[in-house]
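Survey of secondary and tertiary structure
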Amino acid sequence: MALKTTTLDGGIGLIEVSGSLVGGEETDKLRAAVAGFVDREYQKLVIDLSSVTFLNSTAIGVLVAAHTTYSRKGWQIKLCGINKNIKNIFVITKLTLVFDVAESRQDAIKSFK
Amino acid sequence: MQRSFKKDMAALTEIFPFLEQELAAHHASSATVYTVSLAVEELFTNMVKYSLPGTGRVVISIASTPASCRITLEECDVDPFDPTGVEDLDLAAHARSGHPGGLGLQLVRRLVDNLQYQYQNRCNLITFSKGLES
């Protein structure tokens, strides 16, 4: 797994994740990246999963925790670029009701209020 | 087809290709391969993390009919653990409550069909099925 963080105009944080997210060091890096943006008070965050090939319940748990942190602060977090198989998992488990999911990174950025 | 794997997280690098190869041989859809891989990963991880070491091996078996595949995970010389007995949660509500833990078995229950459990001769046998075209 690889992870890259950048900042965009409008106070938006961006986390790009690629590869397989199956817990351990990989999910720790994602958790730390989210915490980094929270600490710096980036109130809008996009997590781009377009290059993620596999994620398990541990990774979903990290995404859920990130969503909870942002929601409780009244901040906004969006996921984007989820592939068909991962989207299918989100639909079956009804996690699409929890996450704000955009098709593309540009769609996610545009949708911030 | 069945194969024995070391009861260690590192074995996942062997388990995923094994599943992919066997399911492809049965013309499983990409969605089925993904779903089965995720379910097996969650069940295997649970065995590694929370079960006794036992024999130190987990045997994974795959059988199929024209329409579906049937997967069994078996670990021996361990205490019983029934994944079908886990309380069914509303995942969306569970997630919103801020408690992201405990998702693994909840995912498995929703993703697969006919999840069954047996405990025989100190062995946990977990079996599920999944349509090949799902």
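Everything numeric here is computed off the predicted structure, so don't read it as measured data. (Residues numbered from 1 in each chain as written. Chains lettered and ligands numbered in written order. Predicted model: local features only at pLDDT ≥ 70, side-chain atom pairs only at ≥ 80, totals over all residues. Heavy atoms only, no water.)

Moving on, we get to the sheet that holds strand β1 (residues 2-8) of chain A. All names here are of chain A. The five strands are arranged β1-β2-β3-β4-β5 in an open sheet whose pairing can be described as mixed. The open sheet terminates on both sides in strands that have one partner only, identified here as β1 and β5 (101-102). Here β1 runs beside strand β2 (residues 12-21); their pairing, made up of seven bridges, is antiparallel. Directly across from T6, in β2, lies its bridge partner L14. Most of the contacts of helix α2 (residues 57-72) go to strand β3 (residues 44-55), to which it runs at about 170°, and overall it touches β2, β3 and β4 (76-80). Relative to β3, helix α3 (residues 84-92) is tilted by about 110°, and along the sheet it contacts β3 and β4. (Pairing = 2+ DSSP bridges. Helix = DSSP H or I, 4+ residues; strand = E, 2+ residues; numbered from the N terminus. Contact = heavy atoms within 4.5 Å. Axes fitted to C-alpha atoms, helices over the stretch in contact; angles between N-to-C directions.)

We now examine the interface of chain A and chain B. Counting from both sides, the interface comprises 22 residues of chain A and, opposite them, 21 residues of chain B. Taken together, both faces of the contact between chain A and chain B bury some 1900 Å²; the carbon and sulfur share is 68%. Seen at the junction of chain A and chain B, the total is zero salt bridges. Within the residue set of the side of chain A that touches chain B, elements represented by two or more residues are β3, α2 and α3 of chain A. It is α2(A) that contributes the most residues to the side of chain A that touches chain B, seven residues altogether. Along the lines of polarity and charge, the residues of the side of chain A that touches chain B split into 12 nonpolar, eight polar and two charged. (Buried area = accessible area lost by both parts, 1.4 Å probe. Salt bridge = Lys/Arg side-chain N within 4 Å of Asp/Glu carboxyl O. Nonpolar A, V, L, I, M, F, W, Y, C, P; charged D, E, K, R; others polar.)

A separate point is the confidence of the model for chain B. Across chain B, pLDDT averages 91, with 97% of residues at or above 70. Scoring the predicted complex yields pTM 0.89 and, for the interface, ipTM 0.84. (pLDDT = per-residue confidence, 0-100.)

In this structure the tally under the stated criterion is 12 salt bridges over all chains. For A:R105, the salt bridge identified is with A:E16, shortest N-O distance 2.7 Å. Taken together, the positions of A:R105 in helix α4 (residues 105-110) and A:E16 in strand β2 put the pair 89 residues apart, joining distant regions of the chain. Among the residues examined, A:R105 registers a relative accessible area of 28% and is labelled partly exposed. Residues B:R122 and B:D79 are paired through a salt bridge, measuring 3.5 Å at the closest nitrogen-oxygen approach. Linking B:R122 in the loop between β4 (113-120) and β5 (123-131) with B:D79 in the loop between β3 (68-76) and α3 (91-96), this pair joins segments that are 43 residues apart in sequence. Looking at B:R122, the relative accessible area reads 35%, which means it is partly exposed. Exposure remark for B:D79: the relative accessible area of 42% places this residue in the partly exposed category. Among the charged side chains, a network of salt bridges with common partners joins A:K4, A:E16, A:D48 and A:R105. (Buried < 20%, exposed > 50% of the residue type's maximum accessible area, 1.4 Å probe, protein only.)

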